[in-house]
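Close look at the chain arrangement
Spelled out from the first residue to the last, the chains are:
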Amino acid sequence: MPGSLTTVVLCGGKGTRAWPATAEVPKPMLPVADRPALAHVIEIYARQGVRRFVLATGYRGDVVADWARTLPSDLEVIAHDTGEESNTGERVRRCGELVGDTFFATYGDGLGNVDIGALLATHRAATETGALATVTTVALPSQYGTVDTDGEGRVTGFNEKPLLHDHRINAGFFVFEKRALEAWAGPDLERDVLPDLAGRRALQSYKHPGFWKSMDTQKDVADMTRLATEGGSPWLQLPSTQRS
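Reference entry: report on the structure contained in this document.

Rules used throughout
Residues numbered from 1 in each chain as written. Predicted model: local features only at pLDDT ≥ 70, side-chain atom pairs only at ≥ 80, totals over all residues. Heavy atoms only, no water. Pairing = 2+ DSSP bridges. Helix = DSSP H or I, 4+ residues; strand = E, 2+ residues; numbered from the N terminus. Right-handed = clockwise from strand over helix to strand, strands pointing away. Salt bridge = Lys/Arg side-chain N within 4 Å of Asp/Glu carboxyl O. Buried < 20%, exposed > 50% of the residue type's maximum accessible area, 1.4 Å probe, protein only. Polar contact = N/O pair within 3.5 Å; in protein donor to acceptor, adjacent residues only side chain to side chain. Phe/Tyr/Trp six-rings, centres within 6.5 Å; stacked < 30°, edge-to-face > 60°. Lys, Arg positive; Asp, Glu negative; His and termini not counted. Contact = heavy atoms within 4.5 Å. Core = buried A, V, L, I, M, F, W, Y, C linked by side-chain atoms within 4.5 Å.

Quick look at the pairing of strand E5 (residues 76-81)
- In terms of strand pairing, strand E4 (residues 52-57) meets E5 through six bridges, oriented parallel. Within E5, the position partnered with Val54 by the bridge is Ile78.
- Taking the sense of rotation as the criterion, the β-α-β connection linking E4, helix H2 (residues 61-68) and E5 turns out right-handed.

Remarks on the pattern of salt bridges
- Considering all chains together, one arrives at 14 salt bridges under this definition.
- Between Asp74 and Arg51 there is a salt bridge whose closest N-O contact spans 2.5 Å. Of the two residues, Asp74 is situated in the loop between H2 and E5 and Arg51 in the loop between helix H1 (37-46) and E4; the sequence distance between them amounts to 23 residues.
- For Arg60, the salt bridge goes to Asp62, with nearest N and O atoms at 2.9 Å.
- Classification of Arg60 by relative accessible area gives partly exposed; the value is 26%.
- Bridged by salt links that share partners, the residues Lys213, Lys219, Asp220 and Asp223 form one connected network.

Some details on the side chain of Asp115
- Relative to the helices and strands, Asp115 is located in the loop between strand E7 (110-112) and helix H4 (116-127).
- Only 3.0 Å separates the side chain of Asp115 from the backbone nitrogen of Ala118, close enough to count as a polar contact.

Concerning the packing of aromatic side chains
- Tallied over the entire structure, the rule returns eight aromatic pairs.
- Plain terms: the ring middles of Tyr45 and Phe104 are 5.7 Å apart, the flat faces sit at 55° to each other, and that makes the pair tilted. Here Tyr45 is found in helix H1, whereas its partner Phe104 is found in strand E6 (residues 102-107), with 59 residues between them in sequence. Taken individually, Tyr45 and Phe104 each receive the classification buried, so the pair is uniform in this respect.
- Arranged with centres 5.5 Å apart and planes meeting at 65°, the rings of Phe176 and Trp184 form a pair that is edge-to-face. Each member of the pair, Phe176 together with Trp184, is buried.
- In this structure an aromatic cluster arises from ring pairing among Phe103, Tyr107, Phe174, Phe176 and Trp184.

Some words on the side chain of Glu177
- In this fold, Glu177 is placed in strand E12 (residues 174-177).
- No salt bridge forms around the buried Glu177; measuring N to O, its nearest opposite-charge neighbour Arg179 is 4.4 Å away.
- Within the structure, Glu177 has its side chain in polar contact with the side chain of His123 (distance 2.8 Å).
- The contact partners of Glu177, leaving out residues within four places of it in the chain, are Asp101, Thr102, Phe103, His123, Thr127, Ala131 and Leu132.

Let's talk about the nonpolar core
- Counting residues in each nonpolar core, the largest one holds 43 residues, and the members touching the most others are Leu38, Tyr45, Phe53, Leu55, Phe104, Phe173 and Trp235.
- The element best represented in this core is H1, accounting for eight residues.
- If we ignore the near neighbours within four places in the chain, the residues touching Tyr45 are Thr7, Val50, Phe53, Phe104, Ala105, Thr106, Ile116 and Phe173.
- Residues Phe174, Leu181, Val193 and Leu194 belong to the second largest nonpolar core, which totals 24 residues.

Dropping the structure here:
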């Protein structure tokens, strides 16, 4: 069950693309509808039964630690300093002493209505054939609009920034076996660890069909705030196909 697992949340990066908003706080602490983005990330898991979190801090980790102490007592939240200059893979590795045999991990600046139970079930099944980790993927959101044409080249319509379902990207929301840490390939999760696991056929994918958005820039922060206030926080609403 998801509730028995710990979630490691990566929240130690400097967030240079969101500068100057990140001059004093790490990116996951930027406000989305008057709450840190990190609060929304934790809520995604907490609403699905997860109660224990390890916050892998670095840059301005004191801000994260101070905020963590204000969270409700029914959540166990540990702010763990993983080093200001550490990369994502190294941050996960340094949390190894604080997790169980299987654990969740995610980014502190990506929000999605991922069915955590379904993700875990996919991972559990994959471990029977050698998987050590599972990564959630989503359809690639195009930054451009696309043009539809007929067989004669006549334009039939336009699609404003569609999802490209034939191409998948890493949305975070991972599950790892702790024993994967024994052969951790390098300091960068995306460039070292995941490609190495894939090369060993030890990495499973979970296709998420619903909402997902990353918070890379100040515009993304504003977009998420708008979605929270006008759209009812879509990252907390499970897709209808996933509701029990």
